[in-house]
Amino acid sequence: MKYLLTAFCAFVLFSCSDDDHSGDNPESDIASRTVIIYISGENSLSSFAPGDLSEMAEASTAIGGNNHLVVFFDNASSTQMPYIAELKNGEVVKDKQYEEDFLASDPDRMREVLTYIMQRWPAKSYGIDLWGHASGWLITGDTIATTQAATRAYGIDNGMNTTSDRGKWINMTMMARVFEQLPGKFLFVVGDCCFFQCVESAYELKDCADYIFGCPSEVPGYGGAYQTIIPLFFNQSATFYNDIIDTCRDMIGDESFGVPMSVIRTSALDRFAAATAKIMPELLKYDNFSGKRLVYYGVFVDDKGKKAKGYYDPLNLVLEYAADSPYRQEWENALNDLIPNRIWCRKWSANHVQYGLDFSSFDVSEQTCSGMCMFVPQPMYESLSPNPNESIKQMKWAKAVGLD
């Protein structure tokens, strides 16, 4: 249960107290990078948001003068409406205060917010960090749907300024459409939330960002070490992603206990999809993966609370079901190109106890854990509502690997 932050959008005027400053920046003042933190905190994560915001503000003292760190903040408060602020010199400098509450998960409002930020703080490159709840690629038939907490895609907003997790969220497919309509493309998207690092989600976002960071598992609600990580978002090195992953690994200390994490290079997604299409028939054994000690990062939960194992590690699946495939080496080469750096752990630091899942039961290793998850249709999913075997067909990934 974690958060994500991100934001850019096509410009539509809201009712708000501050004037529009989108034209204040002459070309000569364009920053090297603007990083957006999109905090969707009108849910059970609300209590974490103020402390994380303070840590982010503290981190702003180390980002350099030719960069911008901007936050969209929406919390479970009946007195504080959503706002946009620049985090600068350790301070939260409000720029746009909205006069009424709205759903942070609404695609039109997300587009408005993100577009405003990109126009207000133009830059040569952009990054976004999505703070909130998430459930990877899982979708329902409606983009904004009231549902149970466990079947969210991203950013539950209950619309009542409470800490309830029964609210509205945005599908990954719709988020991709929002990002595609923004004034600029993201250098990177960070999913500071649960189950963000699904190959299906990454493939949906591949035209919107060059790199995607996230965890394939549940992640702790208290968040990341923002003082340390946020300055790395502004690293101008061509391999900045290694600094981020390596720093997170150093903070863990060893592989015995932590959170799996990886970076995906989106330019390699088509090659990986082509290799996966060749090896997918070997994975479609339709035995519900029974009799195998497989690495999976979580469980799918439908709208009525029914559960089934999910979020399987694709490297582990190939080793178990397609070890003798003539396409195995081609597939592994494509995987290594796709994921230039990752963190694996023998025990996860977050346990979804309410679903009876003990992550510490897995004996994973660098050879079996890719730091990413992938869906393969199975009979056990037919009883879930919505049925993942059907809803996966709405993802671009399904067509690319022959699941449509």
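Residues numbered from 1 in each chain as written. Predicted model: local features only at pLDDT ≥ 70, side-chain atom pairs only at ≥ 80, totals over all residues. Heavy atoms only, no water.

Student: Which residues make up empty space enclosed by the protein, and what values do they have?
Tutor: In total, this model carries two cavities of 30 Å³ or more according to the counting rule given. Put simply, the second largest cavity is a space of about 40 Å³. Lining of the second largest cavity is provided by Trp137, Glu200, Phe300, Gly310, Tyr311, Tyr312, Cys373, Met374, Phe375 and Tyr381. Examining the composition of the lining of the second largest cavity, we find that three residues originate from one element, strand β12 (residues 307-312), more than from any other. Class assignment of the residues belonging to the lining of the second largest cavity gives a composition of eight nonpolar, one polar and one charged. (1 Å grid on protein atoms, 1.4 Å probe; cavity = no way out; pocket = protein on both sides within 12 Å on 5 of 7 lines; lining within 4 Å. Points joined across faces, edges and corners; volume = space filled by probe spheres on them. Helix = DSSP H or I, 4+ residues; strand = E, 2+ residues; numbered from the N terminus. Nonpolar A, V, L, I, M, F, W, Y, C, P; charged D, E, K, R; others polar.)

Student: Provide a residue-level description of the side chain of serine 370, including the pertinent values.
Tutor: Within the secondary structure layout, serine 370 lies in the loop between β13 (341-343) and α10 (388-391). Note on serine 370: relative accessible area 2%, which makes it buried. Within the structure, serine 370 has its side chain in polar contact with the backbone nitrogen of methionine 372 (distance 3.2 Å). Among residues more than four places away in sequence, those in contact with serine 370 are Ser262, Tyr297, Asp313, Pro314, Leu315, Leu335, Ile339 and Arg342. (Buried < 20%, exposed > 50% of the residue type's maximum accessible area, 1.4 Å probe, protein only. Polar contact = N/O pair within 3.5 Å; in protein donor to acceptor, adjacent residues only side chain to side chain. Contact = heavy atoms within 4.5 Å.)

Student: I'd like to hear about the side chain of glutamate 200, residue by residue, with values.
Tutor: Counting through the fold element by element, glutamate 200 comes out in helix α4 (residues 199-204). Of the side chains bearing the opposite charge, lysine 393 lies closest to the buried glutamate 200, which forms no salt bridge; the N-O distance is 15 Å. Within the structure, the side chain of glutamate 200 is placed 2.6 Å from the backbone nitrogen of phenylalanine 375, a separation counted as a polar contact. The residues contacting glutamate 200, other than those within four sequence positions of it, are Trp137, Cys373, Met374, Phe375, Ile392, Met395 and Trp397. (Lys, Arg positive; Asp, Glu negative; His and termini not counted. Salt bridge = Lys/Arg side-chain N within 4 Å of Asp/Glu carboxyl O.)

Student: Which residues make up unusual backbone geometry, and what are the values?
Tutor: Here serine 385 and proline 386 are connected by a cis peptide whose omega angle stands at 5°. With respect to the helices and strands, proline 386 occurs in the loop between β13 and α10. Its identity is not glycine, yet phenylalanine 195 carries a phi of approximately 55°, on the positive side. Among the structural elements, phenylalanine 195 can be located in the loop between β8 (186-192) and α4. Look at phenylalanine 195 and you get buried, because its relative accessible area is 6%.

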